[in-house]
Amino acid sequence: MSTTPQTNRQYILKSRPTGPLDHDLFELRTQPLREPEPGEVLVRTLYLSIDPTIRLWLSERPQYMPPIQVGGVVRSGGLGLVVQSRNPSFKPGDLIGGLIGWQDYCVGDPNVLGLRPLPKLPVPPLAFLGPLAATGGLTAYFGLFDIGQPRAGETLVVSGAAGSVGSLVGQMGKMAGLRVVGIAGNDEGCHYVTHELGFDACINYKTEDVKAALARHCPDGIDIDFENVGGPILEAVLERMNPFGRVALCGLISQYDQETPLPGPSSFPMVLMRRLKVQGFLCTDFTARFPEAYARITHWLTAGKLKSKEHIFQGLESAPDALEFIFHGKKVGKLVVKVSDPPAMP
Ligand SMILES: NC(=O)c1ccc[n+]([C@@H]2O[C@H](COP(=O)([O-])OP(=O)(O)OC[C@H]3O[C@@H](n4cnc5c(N)ncnc54)[C@H](OP(=O)(O)O)[C@@H]3O)[C@@H](O)[C@H]2O)c1
């Protein structure tokens with residue numbers, strides 16, 4: 001008897017956003033689900049990774065991947081369980097990660113879908129959407145250590161501090177002997193990174209004067225900016241950078257739902273005056289070195305030196321709300337949507 005489910009719910013992109021997100025952009029459709037062909041797998045979605053980059057993929061602005069097609073399933077990373085396999089590299093019961101999309105099931109060639117088995121490491125599966133993900137710890141690791149080039153005693157500022165990447169950057173910065181100052185948009189996030197993760201200070205950019213707070217918390221200036229946000233926060237940070245400082249340009253979330261790019265930063269001349277090195281990077285630039293990062297991050301996790309937490313929305317139907325929550329909610333930690341129950345772990 002076939003165990004193949006007969007139908008699949010999928011979120012389809014109906015039209016492109018022209019500013020802040022709203023529900024009318026997406027439609028939840030139920031479609032017949034086909035059986036896998038030779039070489040293909042059928043995967044049940046367990047968790048979706050809800051990331052700022054999905055907002056970029058919804059738009060047609062120049063970016064690092066093709067935009068999501070109008071009429072297509074919303075692209076998204078996630079974790080899944082192989083239900084059926086006609087591919088010798090996968091078997092039913094395997095946990096996989098990759099771009100499984102906003103849907104209950106995905107079926108296709110794992111290479112085309114970018115699906116890969118999760119590395120066998122002594123961590124819970126959700127770690128592969130946070131500390132061991134390209135949308136979390138891998139980005140933090142390569143951005144801080146390769147681009148940031150930290151030296152003990154220096155000062156690191158990290159924006160988006162209570163988010164997936166930022167919360168891990170700050171902890172790695174503390175392990176590297178840095179003074180770490182976070183910038184986040186809510187008091188819960190500031191409290192989390194200072195009281196639970198060991199940051200030296202955190203500035204609430206919604207309630208504080210960021211320039212004045214940076215002057216207070218970074219008395220010796222800033223040597224490394226791990227930039228997740230851009231806009232006025234980047235402007236304020238650049239003004240306080242020390243000569244030969246480094247800016248690891250990871251993300252510009254403040255611009256992702258703007259119709260037209262923000263002008264500036266007005267303090268850009270500081271790149272010249274302070275001889276700063278500003279480098280954009282993608283985590284995937286470092287794919288060949290992921291095993292190195294997996295080993296070090298797994299060690300930190302199992303030794304209790306690196307902490308993470310998830311903010312979990314329940315059910316596929318909540319995915320649009322979850323994406324909106326990144327931009328307007330009081331989120332702390334990694335944002336995921338739980339779509340179905342994972343198998344019991346041994
Ligand atoms: N280069 C790469 O390879 C790479 C990989 C992953 C992520 N990224 C980028 O890194 C950044 C952080 O990603 P993440 O996965 O850590 O995201 P995340 O966990 O979703 O955190 C993003 C946080 O950004 C803050 N935010 C939202 N709108 C903002 C605005 N207008 N101004 C200032 N802050 C705002 C929010 O926190 P508050 O409520 O505290 O403001 C939000 O929780 C993003 O820009 C993302 O695109 C880059």
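Everything here concerns the structure above.
All figures in this text were calculated on a predicted structure; none of them were measured in a lab.

## Observations regarding the sheet that holds strand E9 (residues 179–184)
Line of reasoning, step 1. Taking strand neighbours across the sheet as the criterion, the 6 strands line up as E10-E9-E8-E11-E12-E13 in an open arrangement whose pairing is parallel. Looking at the sheet topology across the chains shown, the edges are occupied by strand E10 (201–204) and strand E13 (277–280). Geometrically, the sheet is characterised by an average inter-axis angle of 15° between neighbouring strands, direction not taken into account.
Line of reasoning, step 2. Across 4 bridges, strand E12 (residues 241–249) lies against E13 in parallel orientation. Within the sheet, the bridge partner assigned to leucine 249 lies in E13 and is glycine 280.
Line of reasoning, step 3. Helix-sheet contacts for helix H4 (residues 164–175) involve strand E8 (155–159), E9 and strand E11 (222–227), and the interaxial angle to E8 is about 170°.

## Overview of the pattern of salt bridges
Line of reasoning, step 1. Summed over the entire model, instances satisfying the criterion amount to 15 salt bridges.
Line of reasoning, step 2. Of the charged contacts in the structure, one is a salt bridge between aspartate 104 and arginine 9, with a shortest N-O distance of 2.7 Å. With aspartate 104 in the loop between strand E5 (95–98) and strand E6 (105–108) and arginine 9 in strand E1 (residues 7–13), the pair connects residues that are 95 residues apart, well separated along the chain.
Line of reasoning, step 3. On the basis of relative accessible area, arginine 9 is assigned to the partly exposed category, the value being 27%.
Line of reasoning, step 4. Through salt bridges with shared partners, a single network forms among Arg9, Asp104 and Glu317.

## So, the state of the cysteines
Line of reasoning, step 1. Under the defined criterion, the tally for this structure stands at 0 disulfides.
Line of reasoning, step 2. Looking at cysteine 250, it has no disulfide partner, and the nearest cysteine sulfur is the one in cysteine 283, 8.5 Å off.
Line of reasoning, step 3. On the basis of relative accessible area, cysteine 250 is assigned to the partly exposed category, the value being 24%.
Line of reasoning, step 4. A residue is classified by how much of its surface remains accessible, and cysteine 283, at 8% relative accessible area, is buried.

## So, the packing of aromatic side chains
Line of reasoning, step 1. Inspection of the entire model under this criterion finds 12 aromatic pairs.
Line of reasoning, step 2. Geometrically, the ring pair formed by tyrosine 11 and tryptophan 102 is edge-to-face, given 5.8 Å between the ring centres and 75° between the ring planes. Residue tyrosine 11 is located in strand E1, and its partner tryptophan 102 is located in the loop between E5 and E6; the two are separated by 91 residues in the primary sequence. Residue tyrosine 11 shares its accessibility class with tryptophan 102, and that shared class is buried.
Line of reasoning, step 3. The aromatic ring of tryptophan 57 is capped on one face by arginine 75, whose charged end is 4.8 Å from the ring centroid.

Cut-off values and rules
- Residues numbered from 1 in each chain as written.
- Predicted model: local features only at pLDDT ≥ 70, side-chain atom pairs only at ≥ 80, totals over all residues.
- Heavy atoms only, no water.
- Pairing = 2+ DSSP bridges.
- Helix = DSSP H or I, 4+ residues; strand = E, 2+ residues; numbered from the N terminus.
- Axes fitted to C-alpha atoms, helices over the stretch in contact; angles between N-to-C directions.
- Contact = heavy atoms within 4.5 Å.
- Salt bridge = Lys/Arg side-chain N within 4 Å of Asp/Glu carboxyl O.
- Buried < 20%, exposed > 50% of the residue type's maximum accessible area, 1.4 Å probe, protein only.
- Disulfide = S-S within 2.5 Å.
- Phe/Tyr/Trp six-rings, centres within 6.5 Å; stacked < 30°, edge-to-face > 60°.
- Lys NZ or Arg CZ within 6 Å of the ring centre and 35° of its normal.

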